[in-house]
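Observations on the model geometry
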Amino acid sequence: MHTFFEILAYVIIFYMIFSSLSYVGLFMLAFGKVKKESKLDRRESTEDILKNPYTYPVSILVPAYNEEVGVVSTVRSLLALEYPEKEVIVIDDGSKDSTSERMIQEFNMVQIPFAVRTHIQTAKIDAIYQSSIFPYIRLIKKANGGKADALNAGINLSSYSYFCAIDGDSILENDGLLKTMKPIIESDGQVIVTGGSVRIANGSTISRSKVEIIDLPKHPVVLMQIIEYFRAFLIGRLALSHLNILLIVSGAFGVFNKERVIQAGGYNKNTVGEDMELVVRLHRLLREEKSKQRIEYVPDPVCWTEAPESLEVLRSQRVRWQRGLFETLWTHKKMMFNPKYGAVGLVSMPYFLFVELLGAVFEFFGYFIIVGGLFFSLVDPQIAGILFLVTVLYGSLISALAVLLEELTLHKYPKTSHLVRLYFWALTEAFWYRPLMVLWRIQGIFATFRKQAHWGDMKRKGISS
Amino acid sequence: MTIYYLWIVVAALFLSQLVLLFILAWRKQRLRTKEQAIHAQYEALTDSFSTYMLDPSDEKFSQELRSSSYKEVVLEHLLNGYVSVTKGSSTSPLVAKLSEDFLTERYTKQLERKSWAIRMNTLYFIEDFHMQSLSPLLKEKLHKSVRLDQETQQLIRTLASLNESETVSALAKYPDAPVRLYIDVFKRMELSTQERALHAALQADHANKTLKYAAISYIGMAGLTAFLPLIEKELNSQDSEIRIQVLKSILRLQYITTPSSLMPFFHSTSWQERMFASRIAGRLQLSRFKEILGELLGDSTWWVRYSSAEALTQFSDGDILLTHLAINHPDRFARDMAAQWETFLLGSEK
């Protein structure tokens, strides 16, 4: 028993050191980029793109399933976007509520015939509508096929070479699309995918589809998600993007080169992590072609979304995310440790496997050793206590560093009290939020074996008034 | 011993958290106070600034500005607001004068700063305010630059906005310079300088194809019909990209001297050429090509089918033609496309 605990303890310790160092490494990489651009006048840097005839037109795809609460405000926020040429396509994926009816009524839509190019096979399209007020707003009503299928239908109907996929419950800031398209335009199409930051809107005041007052929510579960998003976006994605090995562009908001996506076969309907799977497939395509095209993350275009407030909904979201991660890594296992795929195969895939996927398993065993070790008197309670403190403080330090990056890049939260509150909650993370995440992430790994593609069900309150 | 070290780690982690929180909170508070002060001074100066821009003999604004503790930042905000909302303000001599008087020294220093972001912001503002006095300094920087990175690109744009004609040749030094950047340069120049640069670009040999594409493209964008005969000659070019750029420009200019020169493009092996020829035929309502457009409705490429149907809608009898084609065209895809255009004019925000 003792030997077993000892071996396990060493494995966990080595893992924790590796995981901790990887976070520090990623932070250092992200910090360099943030520091360089922190004082840049974003408005001035995008002014030219707004007037430039070389600004590529964009098709904005809004997949929607039971989004009657938020879909109209999302489309309204898209109408207000500063962008020279765009079209908005809402795809109602067989909603059971009145998502389509709300769209048809609000934008005075009429049914139209449309010669759709079938680049990718999708579930049956029942009807296509076009707004009589804004002819560039369309609605596809189709049989239910999942989010990936809805996005594929949107790709088939879209007219332009670039599309932006945005969730039906999200609000994009006015200049968000301009900022996201900037790397694509400036690279003359060498950047084929860009993703921007996603922020949690709970607590902020959003009216007329615009973020009016930014504030923190009261609910601790949501506050912890804010910190988690900072960490994921500002440390993880920024650093990986810097090395061109970013494997995730948020499903809530991202811009893609349509031709490349069609070439890759569109979104995969057989996974719940269709956003990540597509990006990995695109990387695979680029590496196999030895292409120099890139996938980038842009830290500042902010897309506001509603985060779950109940533990049950959060659990189902995280189980789904973890399952999506597992499915993607399994589908593309050929890339793992394969030098043919360069840094994606040698760094990024192993990072996602050991830190993002199996991290929960290692942590679970870490808790098991502490509790079990104390129970069987195999671990010195004093050492266990101090190790626990180190873990708590180190974890919260990483979160605190993410808050620091937020403060240097966007500093969206205006008050000093916001900072203090975020700090306080970052300190509590290890006592309640992290164990919950570990549990749900492990459940997510098991859930992978129960295949069933579905939308993330979440009761929406709506983020815009 | 181990426990002792672990306690040190715990203390270090805790302290570093506290220090980080303290620094961030202090920094945030300080920035907030500064921003509030700047905002207050901006508000206080807005009225006298507006008066000054209407009547520059009014000395009140200059006096008030001099006594402001953040005069450069406040003036930058005021001028930037004025330039972005007032029509024709980008070449206002008053904006240039105020910025030259108050910001030259600051910007000269800022151009040498280590911070890339500050140097970039300075270049943007010099461009916005048309600060001619900084032109020699910028040229010196351009000569020193060896890579066409973001900063060099903005440097070139800023110099072009100061009507420095040598920016085109400076840009031509970089073989990887994109068309977009050449267009940015043409767009910023004064008309006479721009015309000279375009003539030179069209008449130059084919060593720099990007420059030629950009010149043809810009002529279309800017509606410079005087260049039409020059670019029409290029319809016979061996370079397919040049032919496509010319077709695009003709479409934008909405004029063609000899419509029959379009004929070969309807049967081109390049779908882009067939597509642009169709669009031109529609936009210029060239009835002689109606029959060809009907044929192209059954083209193998979606975009050609789409453009020929769109072109047919431009004719007065387009609806009748499309109704007929939607029923009688031998190609199924052509019938679908005709049916689509028969019922609606595809909307896109222009």
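Quick summary incoming for the structure in this document. In this text, all values refer to a predicted model and were calculated from it rather than measured experimentally.

1. Some details on the pattern of salt bridges
Pairs can form between side chains of opposite charge once their charged atoms are near each other. Throughout the structure, instances matching the rule amount to 47 salt bridges over all chains. Residues Arg157(B) and Asp48(A) are paired through a salt bridge, measuring 3.8 Å at the closest nitrogen-oxygen approach. Of this pair, Arg157(B) sits in helix H7 (residues 150-161) while Asp48(A) sits in helix H2 (residues 42-51), which puts the two residues in different chains. Through salt bridges with shared partners, one network takes in Lys33(A), Glu37(A), Arg42(A), Asp175(A), Lys179(A) and Asp300(A).

2. Details of the environment of Leu314(A)
All names here are of chain A. Mapped onto the secondary structure, Leu314 falls in helix H10 (residues 311-331). Leu314 gets classed as buried once you look at its relative accessible area, which sits at 0%. Distance in space between the C-alpha atoms of Leu314 and Trp440 is 9.2 Å, their sequence separation being 126 residues. Ignoring sequence-local partners within four residues, the contact set of Leu314 consists of Val221, Gln225, Pro308, Tyr433, Met437 and Trp440.

3. Some points on the sheet that holds strand E3 (residues 109-112) of chain A
Residue and element names in this part refer to chain A. One open sheet accounts for ten strands, arranged E3-E4-E5-E2-E1-E6-E11-E8-E12-E7; its pairing is mixed. Only two strands of the sheet have a single partner each, and these edge strands are E3 and strand E7 (170-172). The sheet shows a mean angle of 30 degrees between the axes of neighbouring strands, direction not considered. As judged from the four bridges shared by E3 and strand E4 (residues 125-131), these two strands associate in the antiparallel manner. Residue pairing for E4: Ile112 is matched across the bridge by Ile128.

4. Details of a nonpolar patch on the surface
Residue and element names in this part refer to chain A. A surface patch of nonpolar side chains, amounting to about 550 Å² of accessible area, comprises Tyr10, Ile13, Phe14, Ile17 and Leu21. Mapped onto the secondary structure, Leu21 falls in helix H1 (residues 2-37). For Leu21, a relative accessible area of 58% gives the class exposed.

Each value, and the rule that gives it
Residues numbered from 1 in each chain as written. Chains lettered and ligands numbered in written order. Predicted model: local features only at pLDDT ≥ 70, side-chain atom pairs only at ≥ 80, totals over all residues. Heavy atoms only, no water. Salt bridge = Lys/Arg side-chain N within 4 Å of Asp/Glu carboxyl O. Helix = DSSP H or I, 4+ residues; strand = E, 2+ residues; numbered from the N terminus. Buried < 20%, exposed > 50% of the residue type's maximum accessible area, 1.4 Å probe, protein only. Contact = heavy atoms within 4.5 Å. Pairing = 2+ DSSP bridges. Axes fitted to C-alpha atoms, helices over the stretch in contact; angles between N-to-C directions. Patch = residues over 30% accessible without salt bridge, like charges linked within 9 Å, V, L, I, M, F, W, Y side chains within 5 Å. Areas by Shrake-Rupley, 256 points an atom, 1.4 Å probe, with all protein chains shown as cover.

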